[in-house]
Amino acid sequence: MQKNTKIPLPLQPQQLYRSCDQGRFTFQTTAELEDLGEIIGQMRAMDAIRFGTGIRHDGYNLFVLGPSGIGKNSMVRRFLEQKAKDEPQPDDWCYINNFAQHHQPQVLRLPSGRGEQLRARMDQLVEYLRSAIPALFESDECRAKVSAIQEEFSKRQEEVFNELGAAAAEKQIALLRTPDGFAFAPMRDHEVIPPDEFEKLPEEERERIEAAIIELQERLEKVMRQMPQWRKERHERVKQLDRETTLSVVDHLVNEIKESYADLPEVLNYLDQVRQVMVDNADDFRKQEETATVGGMTVVTHQSFHQYKVNVLVNNGKQPGAPIVSEDSPSYSNLVGRVEHISQFGTLVTDFTLIKPGALHRANGGYLLLDIRKVLSQPYAWEGLKRALQTREIRIESLGQMYSLVSTVSLEPQPIPLDTKVILFGDRMFYYLLQEYDTDFGELFKVAADFEERIERNDDTQTLYAQLVATLARKEKLLPFDRGAVARVIEHSARLVGDAERLTTHMRSVADLLREADHCSREAGLGVVDADNVQCAIDAQIRRQSRLKERLYEEILRDTLVIDTQGAVTGQINGLSVISLGDFAFGQPTRITATTRLGDGEMVNIEREVKLSGAIHSKGMMIMSSFFAARYARNQPLAFSASLVFEQSYGMVDGDSASLAELCALLSNLADTPIKQSLAITGSVNQLGHAQAIGGVNEKIEGFFDICAARGLSGEQGVLIPAANVKHLMLRHDVVAAVAAGKFHIHAVEDVDQAIALLTGLPAGEANARGIYPAGSINRKVAERLHELTEIRKTLARPPAKKSAARKKAE
């Protein structure tokens, strides 16, 4: 004889809420506990971080996965701070002037801290020379040397002209100096002969004088051609004197600096270039102000001597160990650096001193921490970061230059070698999308550190959680928490993950609760936070976010949204759904109705027909169709069509957590058996009719309970859930109290047969060896109805019977 499916008993109060036994704690308050010395439940992630930060090969950068607020950034930073302090300080990086090609500044690499020293020494050198060189050139000694050179060349010039004058005098010709230059004229008795008297001279005499003047003119021209060369020689002598004078000051000072950098050939080479340029451009120090006329205005410009400055791009001498850099605004220029410009007389100008570092420069030799969402949201930042990691160098280049958007001449700084670990933080969605669609990502970020969102709940982890509470309380300067408060925090932690056997690792939520509980305790004038203070904080959090929930429940209680909590109706059932609003979620009862009719097995999902159904919900509908075919139509076609709808639902419906309710509503309609409206149900179902776990079980139960409690608990009301969800129960204390008083019931069902039996009060029935269900059972009624519809369908499908010959004759 076939036995009916056993109906499960209601769950006991202890199954609805797993309390934390504070008697297992050996402390009175968290003030007695030491700080947590380890990270709870994140060993997999921390092992990956140790590996990723330890391996020094290309491409082993890290991506830290996990939701926001889990404490990824703070945990990684704390680990890096311990690791980085024992690592060597990276070198300083400077940009210096390229005296040969000013648009291509050169890179100078110096040991940590010595870049700033070089910058200061060069500034001191220039500042000293600005006063020392002019003073030296104004000295009597220097002036005397210049005068001697001038006199030497003047004397040579005078001697040449005297010789020429004496030669002319011998031929009775005078050498005259005029405003227009030199001229020759005949003379007699040392007096110049006037032109009219010259004409009276004999022709032979005039010809002699003219020939002599022509000869002397040729000698004068030869002398005049030598004059520029003499002036050039004089200029070179003066310039050489200037160089020697400048070198006498510069050489000594530069050599002093070189002694400090004797172990750095690149610095020595740079200082040699500086010395040479200073000597060659000594006039810059002598004439430190120049005037120019621009647009009718006289503008005075001052020598800045920028060409001798040292632009210390990165100074690593301030902090010990390797740098740890976080960039909150990872734009392209903030990552790879930029060249700034200044406006002068309406024109933008720049030089190597206006090169600014990016986060990659500051993190070179250490660690760079970035939020992947922020990086991807900045134009070209992701491409710039990848290029730097691929080429292992930081090339400062404007986007306009990179993409040929501008053709203006700008600086082309020498690239800086890159050696840094980049650590990206982000949700798992970003990681898997980049893995799928960015071919470079897998080559550059080979290490994934996946942070757990929950940990197992046992005595050991509860003890560690107590230490966590103590650590956070001291860090935030909160009052100590007593044992009861710690136990309540642990219980709420389990509720946050919706699992009595797990605890959340979402540190932001835990820290917020501790701060708010501390506030409640201080307002009450207490010196220790107790369980009531923690509960006060939890209640306040819910109240702050529950406006929409209260308005929705109000509309149900006013019968604007129709939900029955008593009586029985065929083909109508109370389903349960969850509405999530940020960090707040609550359950909403929803009426589901089903209708059936003669058809060909089609199940109409009205939500899907109007495009308000998601793919998972539609999948649940197809699973139900398969269930009916497998159970009731193995040897016959399904001869019915059905329609299912979420009544008064005006938004998207997705998920399969209502599929068990929808299936029960269909069975009720086919069996013509009413369903108790005092019960609500949630759960998904597979093709075999087994109930499967769903999410948000606590919120769903509490949502229906709140409506029933507002209308008055009758002792008949309750909720059916999948048996697999029992371990997830962490219900409110008022729900547990109502269950303990027998005013509310929670049933855990294994399959649809147990569910329909509880909902209708009739046994579901199990088929015997011949596939026949017991009389009066739900399955029997469904099978009979389907058989009836099949027969009707066969009758309608038969051709009309032929008339007999006698009947035809009678007609």
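The paragraphs below set out a description of the structure included in this document. Only a predicted model underlies this, so the values are computations on that prediction, with no experimental measurement involved. (Residues numbered from 1 in each chain as written. Predicted model: local features only at pLDDT ≥ 70, side-chain atom pairs only at ≥ 80, totals over all residues. Heavy atoms only, no water.)

Judged by nonpolar contacts, the single largest core of 81 residues is most densely connected at F451, F481, V534, I701, I721, F744 and I746. When residues of this core are assigned to their parent elements, the largest contribution, 8 residues, is made by helix 17 (residues 459-475). Residues in contact with F481, not counting those within four places in the same chain, are Q28, T29, T30, V469, A473, V486, L514, A517, V528, V529 and V534. In terms of nonpolar packing, the next biggest core, distinct from the first, is built from 45 residues, F646, L666, V685 and V782 among them. (Core = buried A, V, L, I, M, F, W, Y, C linked by side-chain atoms within 4.5 Å. Buried < 20%, exposed > 50% of the residue type's maximum accessible area, 1.4 Å probe, protein only. Helix = DSSP H or I, 4+ residues; strand = E, 2+ residues; numbered from the N terminus. Contact = heavy atoms within 4.5 Å.)

Here we take up the environment of S398. Tracing the sequence through the fold places S398 in the loop between strand 16 (393-394) and helix 14 (399-402). Overall, S398 belongs to the partly exposed group, its relative accessible area being 34%. Residues S398 and V339, spaced 59 residues apart in sequence, show a C-alpha to C-alpha distance of 7.6 Å.

Judged by pairing direction, the sheet is antiparallel, and its 3 strands sit side by side in the order 3-2-9 without closing on themselves. Every interior strand has two partners, whereas the edge strands, strand 3 (106-110) and strand 9 (311-314), have only one. When the angles between neighbouring strand axes are averaged without regard to direction, this sheet yields 35°. Of the pairings in the sheet, the one linking strand 2 (residues 92-96) to strand 3 comprises 5 bridges and is antiparallel in character. Across the sheet, I96 pairs through a bridge with Q106, a residue of strand 3. (Pairing = 2+ DSSP bridges. Axes fitted to C-alpha atoms, helices over the stretch in contact; angles between N-to-C directions.)

Right, let's talk about unusual backbone geometry for a bit. The backbone of K477 sits at a positive phi, close to 60°, despite the residue not being glycine. Mapping K477 onto the fold places it in the loop between helix 17 and helix 18 (483-496). Looking at K477, the relative accessible area reads 67%, which means it is exposed. If you check the backbone angles, Q648 has positive phi at about 55° while not being a glycine. Its location among the elements puts Q648 in the loop between strand 26 (640-646) and helix 24 (659-671).

Moving on, we get to the packing of aromatic side chains. Inspection of the entire model under this criterion finds 20 aromatic pairs. Residues W382 and F441 carry aromatic rings whose centres are separated by 6.3 Å and whose planes lie at 40° to one another, so their mutual orientation is tilted. Here F441 lies in helix 16 (residues 441-444) and W382 lies in helix 13 (residues 381-391), a separation of 59 residues in the sequence. For the residue pair W382 and F441, the accessibility class agrees, reading buried in each case. Ring centres of F628 and Y632 lie 5.8 Å apart, and the angle between their planes is 40°; this geometry places the pair in the tilted category. Here F628 and its partner Y632 are both found in helix 23 (residues 615-632), 4 residues apart, which amounts to about one turn of the helix. For Y632, a relative accessible area of 9% translates into the label buried. Through successive ring pairs, a cluster of aromatic residues spans F63, W382, Y431, Y432, F441 and F445. (Phe/Tyr/Trp six-rings, centres within 6.5 Å; stacked < 30°, edge-to-face > 60°.)

Residue position: S777 is located in the loop between helix 27 (752-760) and helix 28 (778-797). A distance of 2.7 Å separates a polar side-chain atom of S777 from the backbone oxygen of P774. Those residues within four positions of S777 in sequence are excluded, and the remaining contacts are P763, A764 and G765. (Polar contact = N/O pair within 3.5 Å; in protein donor to acceptor, adjacent residues only side chain to side chain.)

For the structure on display, the rule yields 45 salt bridges. Among the salt bridges present, the one from R387 reaches E397, with a minimum N-O distance of 3.5 Å. You can see R387 sitting in helix 13 and its partner E397 sitting in the loop between strand 16 and helix 14, a full 10 residues away along the chain. Classification of E397 as partly exposed rests on a relative accessible area of 23%. Residues joined by salt bridges that share partners form a network here, namely R495, K549, E699, E702, D706, R732 and D734. (Salt bridge = Lys/Arg side-chain N within 4 Å of Asp/Glu carboxyl O.)

This paragraph deals with the sheet that holds strand 31 (residues 718-722). Spatially, 25-26-24-23-28-31-32 is the arrangement adopted by the 7 strands of the open sheet, whose pairing is mixed. Looking at strand neighbours, the two that pair on one side only are strand 25 (603-605) and strand 32 (745-749), the edges of this open sheet. Each neighbouring strand pair of the sheet contributes to a mean axis angle of 30°, computed without reference to strand direction. As paired strands, strand 25 and strand 26 are joined by 3 bridges and run parallel to one another. Opposite V604, over in strand 26, you have S643 as the bridge partner.

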